[in-house]
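# A closer look at the structure
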Amino acid sequence: MADDSYRTREYSGGCQCGAVRFHVTALKGNPHLCHCRMCQKAVGNLFAALIGVEAGNLTWTRGTPATFRSSGHVDRGFCGRCGTPLYYRNLEGTGYGVTIGAFDDPGQLPILFEMGLEGRHPSLAPLTQAQQLGTTVEADGAEAVEDIARSNNQHPDHDTSDWTPHMSSVRGAGTASTPSTPRFATGRRPPGSSSRWRTRSR
Ligand SMILES: [Zn+2]
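Cut-offs and rules
Residues numbered from 1 in each chain as written. Predicted model: local features only at pLDDT ≥ 70, side-chain atom pairs only at ≥ 80, totals over all residues. Helix = DSSP H or I, 4+ residues; strand = E, 2+ residues; numbered from the N terminus. Buried ≥ 20, exposed ≤ 12 C-beta atoms within 10 Å, placed from the backbone. Contact = placed C-beta atoms within 7 Å. Pairing = 2+ DSSP bridges. Axes fitted to C-alpha atoms, helices over the stretch in contact; angles between N-to-C directions. Core = buried A, V, L, I, M, F, W, Y, C linked by C-beta atoms within 7 Å.

Let's shift gears to the overall build of the protein. Helix and strand counts for the protein come out as 4 helices and 12 strands. Scored against the burial criterion, the 202 residues of the protein give a buried share of 28%. Within the protein, residue pairs in contact and separated by at least 24 positions form 57% of the contacts whose partners lie at least 6 positions apart.

Put into structure tokens, the structure is as follows:
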């Protein structure tokens, strides 16, 4: 039996700027990488690393995420200030797939599964210890995939001369769910030297 003690430990995490923080008290046993094209876009990376958390086991301890409804079935949560992707949420489900990279110590979590393999970047090899769950169609079924395609709000993978983002699908971005003047850990930001300040805080 694999060691699943990671599931019953408590964890905190949050976005890059610190406007949104979370705490979880229990985890599902599904820490995985999803390589599907929609997860790639949602995190601006080659895959999304996610772990399931039941809603009752997740508390937003500072701020609340903004959301983008990437399709009729899925919300993507992110920090409305700095943009850090924070979760995937199936609207028919009871929980969240929280981004593992947003945890304070991602190394405490294993990666046990890989899916969405149709989108895996050709330079990436399968993780040796992760079970391969196949393509999105293989993992979720063709019907679910067609359903998502029908209600997809994601820009196609080519330039478009006209495009109206589905802004009604975006909630909370740019609005203050936290005090309008965020305080930073250093408490001081050198006037007129934001670039210097940034190199210290990245
Ligand atoms: Zn942030």
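Still to come is the rest of the account.
Take the sheet that holds strand β2 (residues 21-24) next. Ordered by their spatial adjacency, 3 strands build an open sheet running β1-β2-β5, and the pairing between neighbours is antiparallel. Edge positions in the sheet fall to β1 (11-14) and β5 (58-62), since each of these pairs with one other strand and no more. Each adjacent strand pair in this sheet contributes to an overall mean axis angle of 25°, direction not counted. Bridge analysis of β2 against β5 gives 4 bridges, and the strand direction is antiparallel. Paired with Val24 across the bridge in β5 is Leu58.

Below, the discussion takes up the environment of Pro165. Considering the arrangement of structural elements, one finds Pro165 in the loop between α3 (142-150) and β12 (170-171). For the pair Pro165 and His155, spaced 10 residues apart in the sequence, the C-alpha separation amounts to 7.8 Å.

Buried residues dominate strand β8 (residues 85-90), accounting for 5 of its 6 residues. With 5 bridges joining them, strand β7 (residues 74-78) and β8 adopt antiparallel strand pairing. Paired with Asp75 across the strands is Arg89, a residue of β8. Count of turn residues in the β7/β8 antiparallel hairpin: 6 residues, of which Gly83 carries a positive phi of about 90°.

Glancing now at the pairing of strand β6 (residues 66-71). Among the 6 residues of β6, 5 are classified as buried, and the element is accordingly described as predominantly covered. Here β6 folds back onto β7, and the loop between the two strands holds 2 residues.

Strand-to-strand pairing in sheets goes through backbone hydrogen bonds, with the strands running parallel or antiparallel. Strand order in the open sheet formed by 9 strands is β11-β10-β3-β4-β9-β8-β7-β6-β12, with mixed pairing between adjacent strands. Strands with a single pairing partner mark the edges of an open sheet, and in this sheet they are β11 (131-132) and β12. Taken together, the 3 bridges between strand β3 (residues 32-34) and strand β10 (residues 113-115) define a ladder with parallel strand orientation. By the bridge assignment, His32 is partnered in β10 with Phe113.

Of all hydrophobic cores here, the largest spans 31 residues; its most connected members are Cys34, Cys39, Ala48, Leu50, Leu86 and Val98. Only β3, α1 (37-43), β4 (48-54), β7, β8 and β9 (95-99) provide two or more residues apiece to this core. With 5 residues, the single largest contributor to this core is β4. If we ignore the near neighbours within four places in the chain, the residues touching Val98 are Leu50, Ile51, Val53, Leu86 and Tyr87.

Looking at the secondary structure, you find Pro65 in the loop between β5 and β6. Taking the C-beta count within 10 Å as the criterion, Pro65 has 27 such neighbours and is therefore assigned buried. Pro65 sits 12 residues away from Gly77 along the chain, and the two C-alpha atoms are 5.5 Å apart. Excluding anything up to four places from it in sequence, Pro65 contacts Val20, Gly77, Phe78, Cys79, Leu86, Tyr87 and Gly172.

Nothing here speaks to function; it is all geometry.
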